[in-house]
There are 2 protein chains.
Amino acid sequence: MMDLPRPKAGQPILDLSTPLPLIDEDVLSANIARVQAYMDAHGLKFRPHIKTHKIPAIAKAQVEAGAKGINCQKITEAEVFADAGFDDLLITFNILGLEKLERLKALNDRIGGLKVVADSRTTVDGLSQGFAAGRPLTVLVECDTGGGRCGVRGPEAAVELAEAIVSAPGLTFGGLLTYPKPDSEAQVEAFFSATLSALEARGIACPIVSNGGSPSLFSAHKVPSATEHRSGTYVYNDRSMVRAGHCGFEDCAMHILATVVSRPTEDRAILDAGSKALTSDLLGFADFGLILDYPEAVITGLSEEHGTVDLSKVTGRKPEIGEKVRIIPNHTCVVSNLFDSMTFQRNGIVTRVEEVKARGLVW
Amino acid sequence: MMDLPRPKAGQPILDLSTPLPLIDEDVLSANIARVQAYMDAHGLKFRPHIKTHKIPAIAKAQVEAGAKGINCQKITEAEVFADAGFDDLLITFNILGLEKLERLKALNDRIGGLKVVADSRTTVDGLSQGFAAGRPLTVLVECDTGGGRCGVRGPEAAVELAEAIVSAPGLTFGGLLTYPKPDSEAQVEAFFSATLSALEARGIACPIVSNGGSPSLFSAHKVPSATEHRSGTYVYNDRSMVRAGHCGFEDCAMHILATVVSRPTEDRAILDAGSKALTSDLLGFADFGLILDYPEAVITGLSEEHGTVDLSKVTGRKPEIGEKVRIIPNHTCVVSNLFDSMTFQRNGIVTRVEEVKARGLVW
């Protein structure tokens, strides 16, 4: 087989074959700077989630801008970033099972700043068994402050689990963590502050209080008990972030370049970007992304390699077969996960291609 | 970094770390045999779509069972399968653009049975320019028989485009093709037979008449003008195929093995399979897959690495933290596209691990 096609630095993006996600270097840098400045202004440590890009070079830019450590979701993701020189790694996942614990232990033995979370005695007991010998593992208590996913359900349960971690061989209590529902800062603060008081009364130090989430990104300062905030999507931004009021379309660093491959009717265009390029994540939208060049066009449906576009509301010129268009995806994090490499550009010229190093890592 | 984790032949599947898609060897073989027997019984050539598995070893089993050629969706997919020894390759896509045409030409020059589709003069003209020298390229006319995606809109337009292909330097007219809407066999037959009559009247031979689609799989015999049928999903099957009445849950070869990582409340379980394992394809369902072991449980939401399960309707025992469950995905083709390798099993023991060779190929 011939080498897989890959853009080269210096190529005009309109010469590139599609479908292809592109990252605007200047928008990327501005996004990193803007959110870091917000966190700095409020004295919050910022821990970017790498799930959005899965690229060590971007995480380096985030840390150079002032981020303290990074957030991973899988052990093998953390391994990739440890290899790239990162040390302060938080894996926000309940890790269970012998094989995973062995790999986690190997990782913990080679870097100093590994942290994980737990929300049950079962998870804590498993971690404790796995880490009874060697360097202790730092474990945070995950709290369900209303998000309705993982987490202990109230301050009392949080304190109880913290005590279990404190007394578990091989473990060090690292603090509290939540992935909150949007607009629930008062609830998060109430949960954290009640838990912190109770921990203090028991003489248990709580070094990290970690709040998170992109939907609540610019409300992070309304949770004064938090010592840090975690967010991923801000680095590229997407249609959901524009809807949330966090940015404009001009702040979306990721465009999916696609080509019109068919115009079967006056009102229908077919793109070469389907669910295997855009994903079927709706995130509450009724359609599958915004075509920047034709904002009145609607991507009504995706099959795996085709996107069906309704042009009936397009008042001016309509796109022709062979024409390239730029799409802002509903959700950028899931797009990154589909591509082995990411193409960067500035002013329409390719600057570099980065391997999406942590893509497709099973766990 | 340590080697990426990968199951080994002989391991019990319940020892494997999750999330992990598994293929049952016996169900896979039975699915291949059953659909081939149906096509054979009706004298239809069968052309499996490899988008579902993207694994040459499975396509070999399909061809050994009697399939005539295979269906790809991208040039680089076709390259992978040409390298694996396949010769009769149909790419069901309008191919546009210089870089793609160059690669397509290189592929056509090395194998004899390459075919593509076109539904516009723009595409035909581009193909003709690209193939003016060297071995001619076979081009089928894609027909919109009601599916509403790509395709010329009526028999007259189909004949017109066929004539354009016949007279275009570098191209050979290969026949007709459609991706129909479900339950529209009469419509498909009417389109095909009218076009065939008109072509015959003009003395244009039409070697291939290709019908397709999994939703209409077992109605393929109701389109007597068709010479072949294309389908992908049947090889693994999934929840959408069960709903369509094409199989039972016992015929679903792909299970996603997942672990319960949290049980925050009596009625909520959290799995380690989210949209990066199951995808967010709903295909008309309201939830994100069927948990075989707890059919009353409902996967109500996915974040990227977590699945949220409502257990309120589970009458018996509820799953515990650390327990592994098997999920039948809504749509199997998109799951294959997320994983670099696929694990096969028989009676709960790993038989082999195959690379998903054509995964993540950009175009």
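Residues numbered from 1 in each chain as written. Chains lettered and ligands numbered in written order. Predicted model: local features only at pLDDT ≥ 70, side-chain atom pairs only at ≥ 80, totals over all residues. Heavy atoms only, no water.

## A closer look at the side chain of T308 of chain A
Relative to the helices and strands, T308 of chain A resides in strand β14 (residues 307–310). Residue contacts for T308 of chain A: discarding those within four places in its chain leaves R268, A269, I270, V298, I299, T300 and G301 of chain A together with G148 and R149 of chain B. (Helix = DSSP H or I, 4+ residues; strand = E, 2+ residues; numbered from the N terminus. Contact = heavy atoms within 4.5 Å.)

## Section: helix α6 (residues 155–167) of chain A
Residues and elements named next belong to chain A. Along its 13 residues, α6 runs 18 Å from first to last C-alpha, staying within 8% of the 18 Å computed at 1.5 Å per residue. Along α6, the residues classified as buried are A158, V159, L161, A162, A164 and I165. Taken together, the buried residues of α6 touch β5 (113–118), α5 (121–130), β6 (137–143), β7 (171–178) and α7 (185–201). (Expected span 1.5 Å × (residues − 1). Buried < 20%, exposed > 50% of the residue type's maximum accessible area, 1.4 Å probe, protein only.)

## So, the interface of chain A and chain B
Taken together, the contacts link 67 residues of chain A with 67 residues of chain B. Overall, the association of chain A and chain B removes approximately 5700 Å² of surface from exposure, summing both partners, and the carbon and sulfur fraction of that is 55%. Applying the counting rule to chain A against chain B returns 10 salt bridges. With a closest N to O distance of 2.4 Å, R359 of chain B and D340 of chain A form a salt bridge. Counting across the interface, chain A meets chain B through 31 residue pairs in polar contact (both at pLDDT 80 or more). (Buried area = accessible area lost by both parts, 1.4 Å probe. Salt bridge = Lys/Arg side-chain N within 4 Å of Asp/Glu carboxyl O. Polar contact = N/O pair within 3.5 Å; in protein donor to acceptor, adjacent residues only side chain to side chain.)

## Focus: the UniProt feature "domain: D-serine dehydratase-like" (unreviewed entry) in chain A
The UniProt record annotates "domain: D-serine dehydratase-like" (unreviewed entry) at residues 253–346 of chain A. The span residues 253–346 of chain A carries 10% helix and 40% strand; its end-to-end C-alpha distance comes to 10 Å. (UniProt positions renumbered as here; feature names shortened; annotations may be inferred.)

## Here's the deal with the side chain of R230 of chain B
Residues and elements named next belong to chain B. Secondary-structure assignment places R230 in strand β9 (residues 228–231). For R230, which is buried and forms no salt bridge, the nearest opposite charge comes from E228, at a distance of 5.3 Å. A polar side-chain atom of R230 sits 3.2 Å from a polar atom in the side chain of N71. There is a polar contact of 3.0 Å between the side chain of R230 and the backbone oxygen of T178. (Lys, Arg positive; Asp, Glu negative; His and termini not counted.)

## What about helix α2 (residues 56–64) of chain B?
All names here are of chain B. When we look at burial in α2, the residues that qualify are P56, I58, A59 and Q62. Down the axis of α2, the smallest arc covering the buried residues is 155°, so these residues share one side. Check the buried side of α2 and you find it contacts α1 (25–41), β2 (45–48), β3 (70–72), α3 (75–83) and β16 (341–346). One or two positions beyond α2, positive phi appears at G66, with a value near 130°. (Arc of directions from axis to C-beta.)

## Observations concerning the relation of the copies chain A and chain B
Take chain A, turn it by 180°, move it 0.0 Å along the axis, and it overlays chain B with an RMSD of 0.0 Å. The operation mapping one copy onto its partner corresponds to a two-fold rotation axis. Relative to the rotation axis, the C-alpha of S280 of chain A is the closest in chain A, positioned 2.9 Å from it. The share of interface residues of chain A whose copies in chain B are also at the interface is 100%, consistent with both copies meeting through the same surface. (Least-squares fit on C-alpha atoms with pLDDT ≥ 70 in both.)

## Brief notes about the pairing of β6 of chain A
Residue and element names in this part refer to chain A. Buried residues dominate β6, accounting for 6 of its 7 residues. In terms of strand pairing, β5 meets β6 through 4 bridges, oriented parallel. By the bridge assignment, K115 is partnered in β6 with T138. Where the polypeptide runs from β5 across α5 and back to β6, its parallel neighbour, the crossover connection is right-handed. (Pairing = 2+ DSSP bridges. Right-handed = clockwise from strand over helix to strand, strands pointing away.)

## A short note on the packing of helix α3 (residues 75–83) of chain A against helix α4 (residues 98–110) of chain A
Residue and element names in this part refer to chain A. Running from N to C, α3 and α4 cross one another at 20°; their axes reach a closest spacing of 10 Å. Considered as vectors, α3 and α4 are oriented roughly parallel to each other. At the point where α3 passes α4, the crossing takes the left-handed sense. In contact with I75, T76, A78, E79, A82 and D83 of α3, α4 contributes K100, R103, L104, L107 and R110. When its residues are assigned to classes, the contact of α3 with α4 shows 5 nonpolar, 1 polar and 5 charged. (Axes fitted to C-alpha atoms, helices over the stretch in contact; angles between N-to-C directions. Parallel < 35°, antiparallel > 145°, perpendicular 65-115°, else oblique. Left-handed = near helix turned anticlockwise from the far one by under 90°. Nonpolar A, V, L, I, M, F, W, Y, C, P; charged D, E, K, R; others polar.)

## A word on the pattern of salt bridges
Side-chain pairs of opposite charge can arise where the charged atoms are in close proximity. Taken as a whole and assessed by the stated rule, the structure comprises 50 salt bridges over all chains. Across the pair E323 of chain A and R317 of chain A runs a salt bridge, and its minimum N-O distance is 2.6 Å. Looking at E323 of chain A, the relative accessible area reads 19%, which means it is buried. Among the ionic pairs, D83 of chain B bridges to R110 of chain B, the shortest N-O distance being 2.9 Å. One end of the pair, D83 of chain B, is in helix α3; the other, R110 of chain B, is in helix α4 (residues 98–110), with 27 residues separating them in the sequence. Given a relative accessible area of 37%, D83 of chain B falls into the partly exposed group.

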